[in-house]
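A closer look at the structure
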Amino acid sequence: MAGAADVNGVVVEAKDVAKVYDQGKLKVNALDGVSLEVRAGEMLAVMGPSGCGKTTLLNCLSGLDEITRGEVLVRGRNLHHMKDDERTTFRARSMGFIFQSFNLLPVLSAVENVELPLLVSGHSIRAARKAAEAALTEVGLNHRLNHKPKELSGGEQQRTAIARSIVNNPDLIWADEPTGNLDSNTSKEIVDLLKRLNKERHQTQVIVTHSEEVAKECDRLVRMRNGRIESVQAIRLLRGRHV
Amino acid sequence: MPLLLGLRRRIFVRMAARNVLRRKRQSLMIAAGLMVGTAIVASAEVAGDSMGYAIRRATLDAFELIDETVFLDGYAYYPESVEAKLADDAVLRSATDAIGSNIIWDAAVTDSRTGLYEPSVRLVGFDPEKDKIWGDFRHGGRSFDGTALGPNDAVLNDKVAQKLDARVGDTIVVNTTLPQDPLIPTVQNITGVLNVTVQPGGVIPTLLQDVVGDPYLIRFQVGESAVRVNVFVLWQPAPPARQDLDAELLDPTGRVVASNRNGTLNAPDIPVLLFHNQSIAKPLQPGTWTLRITGEAAARTAFEGNIGTFYAVYSLAELEKRAALLERQFGGVDTSAFTEPPRRTIELRVAEITSGGKGPNFQLPNQLSMYLRMDTTQKLLEREGQINFLKVSNPGGKEDGADRTDEVYPILWERLNATKEGETHPAILALRANNDKQYWLAEADRYGELFGVFLTFVGSFSIIAGLLLIVNIFTMLAEERKVELAMARAVGLKRNHLVQLFTFEGIMYALPAAFIGTFFGLGLAWVLVTGFNRLSDPSTFPPISFRLETDGLVFAFSVGILLTVATVYLGARRASRLNIVSAIRSLDDPPHLRGLRSLVGTALITAAGVVGTLFALATNSFTWQLLGPTALAIGLALILRRFISKNTTYPLVSLGLFAYLVATLFAIEDPQTREADVIGPIRSVVMTLCVVVFVVYSERFTRLLGRLASYLRPLRPVALVAISYPLHKKFRTGMTLAMFSVILLVVMLFSIIGALFFPDVEKESGGYHVEAVSGLSFATLEGRGGDPRVLDGVERYDVLPNFVRFGADLVTVENETTGQFGPPQNTIFGMGPDFAEHNGFTLVRRLAGYATDRDAYRAVASSADLAIVSYEYSTDRDGRDGAHVPGDYLQLRAKGSVKEFQIVGVMEQYHFRGVFLAEPVVHGLFPNTDSLVLFRLKDPADDEAMAKRIEANYKDLGLDANSIRTRVLEENESFRQIFTLIRVFLSLGLIVGILSLGIVTARSVIERRQEIGMMRAVGYLRRHIRRTFLLEMLTVVTLGILIGTAVAILVSYAIWYGQVRELRIPFSIPWAELLTIAGIAYVVTTLSTLSPIFRAARTPPADALRYIE
Ligand SMILES: Nc1ncnc2c1ncn2[C@@H]1O[C@H](COP(=O)(O)OP(=O)(O)OP(=O)(O)O)[C@@H](O)[C@H]1O
Ligand SMILES: [Mg+2]
């Protein structure tokens, strides 16, 4: 699927998406009519103050969460018209996720953690192991295959998580504050890794971040406030590969 | 104390209270866990009290107004003058309410109308007039005193009436042996050579006066109570014909009391027999008696013989003493020489039926009694003017009378001894007073207490499980509140404070839980008692009435609180040991701090272990042989883990300890002490824990299992996760597993052992339904009995002639006595070709060369030297199982010689205990045989009714017919009842186990929500999530079942090996039952965990990811 995205095509298209958290008396408008296009092959940064709805946006666009109103099309397919199983499988095939707290299973070794998406999508154990090792090698962790998350540094844990997100060769990566738990040096390494993947695999990446450092490495930047998109700006109009 | 402290630290109490209220579900669970403990103690107490009360009730009903009794062992008879003498005694009169008398005897009874027969009914003779003050008979709300009874009337108790289907007006035939006074001989050997003149030229008859010297005189002593003298003289070698000898018996006064002159020696090998007999009331004249032997006889004719002086012996101790003496002098007395006493028959009319009210009323288990007028009884038994039972009533009623026994009993003894003065009758001199009622009431209390202790013991496994549950929950609560607690510590709360906080919280659970638990226990006890009554056969055990004694409840309540607070305190200590930093960062606890304290602890445990082990080696103390090495192992593990990883240390040490404990199961004999009764079960629990530790710490091994499981396609994405998680949370998994395994251990253990005692009626009955025994010998029922149509309901029947011999000397296997349980007895059955062809008794062992059981039976039926034996004959003297196998030889001592038979098969059944030979062989060896008839019915459900019809129809053959099923179950009734109770009890423990798995799963689902979110994000479908948790739970359950069952099989085998085997019961595992239990455990635990598991799978991934506790 790598490189399958149309150049300059739209991978994700959100139309007037709203998300209301209904807590009985209290209703929280976490997303309040958001429309956004994510283009194939771009690195899109999402920034905004805490509580403005960044995570919610990411969850809604990736189909992890239901939406209250609007429409989300991923590669032309309406996520919210799919049944849960169908959507899950679709997600597993075409998307990868990276979280702020890594979310590795503490009981499994690095390579076992990376294997999970393959095993669940029906690959054989041997194929899964091979692909997982390859993914870990790609993120520079071939020497840490059998370490448990506890035995890895923060950066290594996040690399493992990244390996897990790419092991299925998805062309769309969702990252929610991938460097939020890391120091600035390590953050830099992670961003470099993401950039390399973006470039080499023509991956589309949506990265929620609080860090300007991270954001400035991206192609475009979406700024949010109170559940709405405040602005969308291009950080570099021209990227080498678009020419 | 904690409560006072609580007042001082109000803040903690408030915090604790808030926590209890905030976590309602957990609070309820904890309360439930605590309740189980209290409930078990409470119900054990109450059930024990009730059981004791039931025995008390039965005792009181048997004795009615009787408080003390005076009689002799075996109900020997004595003149009724004793009663008058005692009744006239002024001292006794003022100390007691009444003195009365009875005759107590046994008889066989047949109802002429129904034809039903009971071989043994207790016959009570009473004088209706004199007995008025001893209470009235009761029946169905009516009462009567029996004065209306005619000389040929009888009162049946309701049990006899039921057995005989008798009703008022029926004629019953009472057949009984005449009482014989107990005699035992003092035997004196005599030998000698008679000096006789020899004439030249051969043996010439001489006249009496020609005998040289004095007649040959033998003197012997006759003591006070001798009632008979027997003299037996045999000539050796036999004198030639026509030579006679005279023998005379002279009493101390020189009077010839018996003589045998000339004549007897016409047949030379007939010995001279002399005897002199006095009536029992009038003993022989004591002093020196003389045996005078004179007459014409050959020179140097030697004689030998003996003089037996028979004494009436009424005291059991004296009897035993004399029997032992005889045994030493003469190598035992051949009791078979004593002939059956004569019998008498009388026809009586059933005038009344009673259900009690008049004592003695021996209706305790299975006692059947009937009442006759005293004069009728005395005439029937030819004992006019004699009685054999005196009864004494203290001032006070049926129940409080016994309180005076301490006072009355010594007086009774003293006055009884005074009455003996001047008496010569040996029975009177031997009379004993008994404090029966007091004794039995004390026994009742003791049984009740024992039963309570037993139930508590059985329940203790459930209590342990309940406590493990509490510790588990507390640890989880602490983990859940880690951050909160760490904050509290960060702002200055000390560890002790945390412990206090937790303890207060625990006490908030403990008080209401113990309270509710006590009442819950009361309910449970009620269920137990009611269930027991419903299950038990009222003819073997009287119904238990529910009985409540406040002592027991207060005790249960206190124990409940104590247990709870102790557990809570321990749980709190564990919970408070958290590390602040890692708690705040929500990380796992760092490995244990190796502080001075733990070092000291390790050293202490190790030292205790070393000392204990050495002590065990030195003293062979059972307790220390188990505890010493256990402590040593723990100490060793604690030391080793400082150097080697836990994952290596723990499995190794636990495996070693396990192996050691298994070895002790077989190598060390359990002493029969209270101490061992406690330590034994603890060993089983420790063994279980060893396996649990082994499994939990053998990560490599377990993960390998996970890997293997993931080769199954549907499990591929979930197996590894599901296996790894329990390993990650070792304490929690260990606790849960331990609890589950321990409970299953006990459930399985009692199932296996229960099954050993639960006879399989199918196996025991060999496909037959009714058994009938008769003292007569016959080959067929054809032409017998009144109505041949009775056999219409019978598919087939087989008649087995059999010879029964009490004593162990008839049969040996490989010249060795086989295992004996109860009084030794051997039965030799004869089987015909039909029985061989049609019986369904399976063989547990069969000689090689016989392809089927049937082949073996056929071979025996047509052979003169082959045998099939019931299970007991495969054991040796010590009851060791399998000591003898098919192929071994069995020796049968009959007709003065030894015949050998090769054993070709060992039967599984032990209901028909004996040796099975070919029918002609049995007839050849034993001319007089009894008969056993086995009936296979067309309708097996009709067995009870058919048994009655068969018995009635063949009354001429004296058939006593019974349902085999009933007999087999009756034989095992008490075990059955107790095991039923235990099951009810153990099911409580299962509830705890299930609760706990539910909690652990719910907790696990909550803790791992973020991970669930991640898994959903990377493609896990809902069903994968469900599968993961289900598999995880099932892994724990399966491990628990496997560990519990495996240890249970081991332990039960050891118990069987050490103790049960002697009962000649084969070891077998009730797989079907074990599988059912496992199945129930699976289903119920699955059900209890389904709700959290489904909730986990349903959570939208976004919510799950966002979740913060
Ligand atoms: N499950 C929920 N129920 C109710 N309100 C919620 C829920 N999840 C999020 N919210 C609310 O929705 C709003 C948006 O939350 P969201 O997590 O998307 O913010 P964010 O921009 O990611 O913040 P941060 O930078 O702190 O991660 C917040 O006000 C939050 O309180
Ligand atoms: Mg966020």
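Above this text sits the structure in question.
A brief report on the enclosed structure follows. (Residues numbered from 1 in each chain as written. Chains lettered and ligands numbered in written order. Predicted model: local features only at pLDDT ≥ 70, side-chain atom pairs only at ≥ 80, totals over all residues. Heavy atoms only, no water.)

1. Comments concerning the side chain of Thr1085 of chain B
Residue and element names in this part refer to chain B. By the element assignment, Thr1085 lies in helix 32 (residues 1071-1098). When its relative accessible area of 0% is taken as the criterion, Thr1085 is described as buried. If we ignore the near neighbours within four places in the chain, the residues touching Thr1085 are Phe740, Ile994, Leu997, Met1033 and Val1037. (Helix = DSSP H or I, 4+ residues; strand = E, 2+ residues; numbered from the N terminus. Buried < 20%, exposed > 50% of the residue type's maximum accessible area, 1.4 Å probe, protein only. Contact = heavy atoms within 4.5 Å.)

2. A short note on the site of ligand 1
Neighbouring ligand 1 are 15 residues, the closest being Ser50, Lys54, Thr55 and Thr56 of chain A together with Arg1106 of chain B. Ligand 1 is flanked by residues contributed from chains A and B. Separating an oxygen atom of ligand 1 from a side-chain N or O atom of Thr55 of chain A is a distance of 2.7 Å. Taking His210 of chain A, its side chain carries an N or O atom lying 3.0 Å from an oxygen atom of ligand 1. Protein chains bury 72% of the 630 Å² of accessible surface belonging to ligand 1 in isolation. Contributing elements (two or more residues each) for the shell around ligand 1: strand 1 (10-23), strand 2 (26-39) and helix 1 (54-62) of chain A. No other element matches helix 1 of chain A, which puts 3 residues into the shell around ligand 1. (Near = heavy atom within 4 Å. Polar contact = N/O pair within 3.5 Å; in protein donor to acceptor, adjacent residues only side chain to side chain. Areas by Shrake-Rupley, 256 points an atom, 1.4 Å probe, with all protein chains shown as cover.)

3. Thoughts on the sheet that holds strand 10 (residues 228-234) of chain A
Residues and elements named next belong to chain A. Strand order in this open sheet of 6 strands is 6-7-8-3-9-10, and the pairing throughout is mixed. The open sheet has two free edges, formed respectively by strand 6 (95-98) and strand 10, since each of these has just one partner strand. The average undirected angle you get between the axes of adjacent strands in this sheet is 15 degrees. Relative to strand 6, helix 2 (residues 84-94) is tilted by about 80 degrees, and along the sheet it contacts strand 6 and strand 7 (172-176). (Pairing = 2+ DSSP bridges. Axes fitted to C-alpha atoms, helices over the stretch in contact; angles between N-to-C directions.)

4. Quick look at the packing of aromatic side chains
All names here are of chain B. Inspection of every chain in the model, using the stated rule, returns 27 aromatic pairs over all chains. Seen in terms of ring centroids, Phe829 and Phe916 are 4.6 Å apart; in terms of plane orientation they differ by 20 degrees. Their pairing is stacked. Of this pair, Phe829 sits in strand 25 (residues 825-831) while Phe916 sits in strand 30 (residues 915-918), and the two are 87 residues apart along the sequence. Phe916 shares its class with Phe829; the two are buried. Taking 6.4 Å as the distance between ring centres and 85 degrees as the angle between the ring planes, the aromatic pair formed by Phe835 and Tyr857 counts as edge-to-face. Within this pair, whereas Phe835 is found in helix 24 (residues 833-838), its partner Tyr857 is found in helix 25 (residues 853-861), the two being separated by 22 residues in sequence. Since its relative accessible area comes to 2%, Phe835 is described here as buried. (Phe/Tyr/Trp six-rings, centres within 6.5 Å; stacked < 30°, edge-to-face > 60°.)

5. Description of the interface of chain A and chain B
Facing 34 residues of chain A, the contacting portion of chain B comprises 31 residues. Summing both sides of the interface, chain A and chain B together bury roughly 2900 Å²; the carbon and sulfur share of this comes to 60%. It is Val107, Val120 and Ile125 of chain A that lose the most area in chain A upon contact with chain B, and together they represent 21% of the buried surface on that side. Here chain A is connected to chain B by 4 salt bridges. In this structure, Asp85 of chain A and Arg1023 of chain B form a salt bridge, with 3.5 Å as the shortest nitrogen-oxygen distance. Joining chain A to chain B, the criterion identifies 8 residue pairs in polar contact (both at pLDDT 80 or more). Those elements giving two or more residues to the side of chain A that touches chain B turn out to be helix 1, helix 2, helix 3 (110-120) and helix 4 (125-138) of chain A. (Buried area = accessible area lost by both parts, 1.4 Å probe. Salt bridge = Lys/Arg side-chain N within 4 Å of Asp/Glu carboxyl O.)

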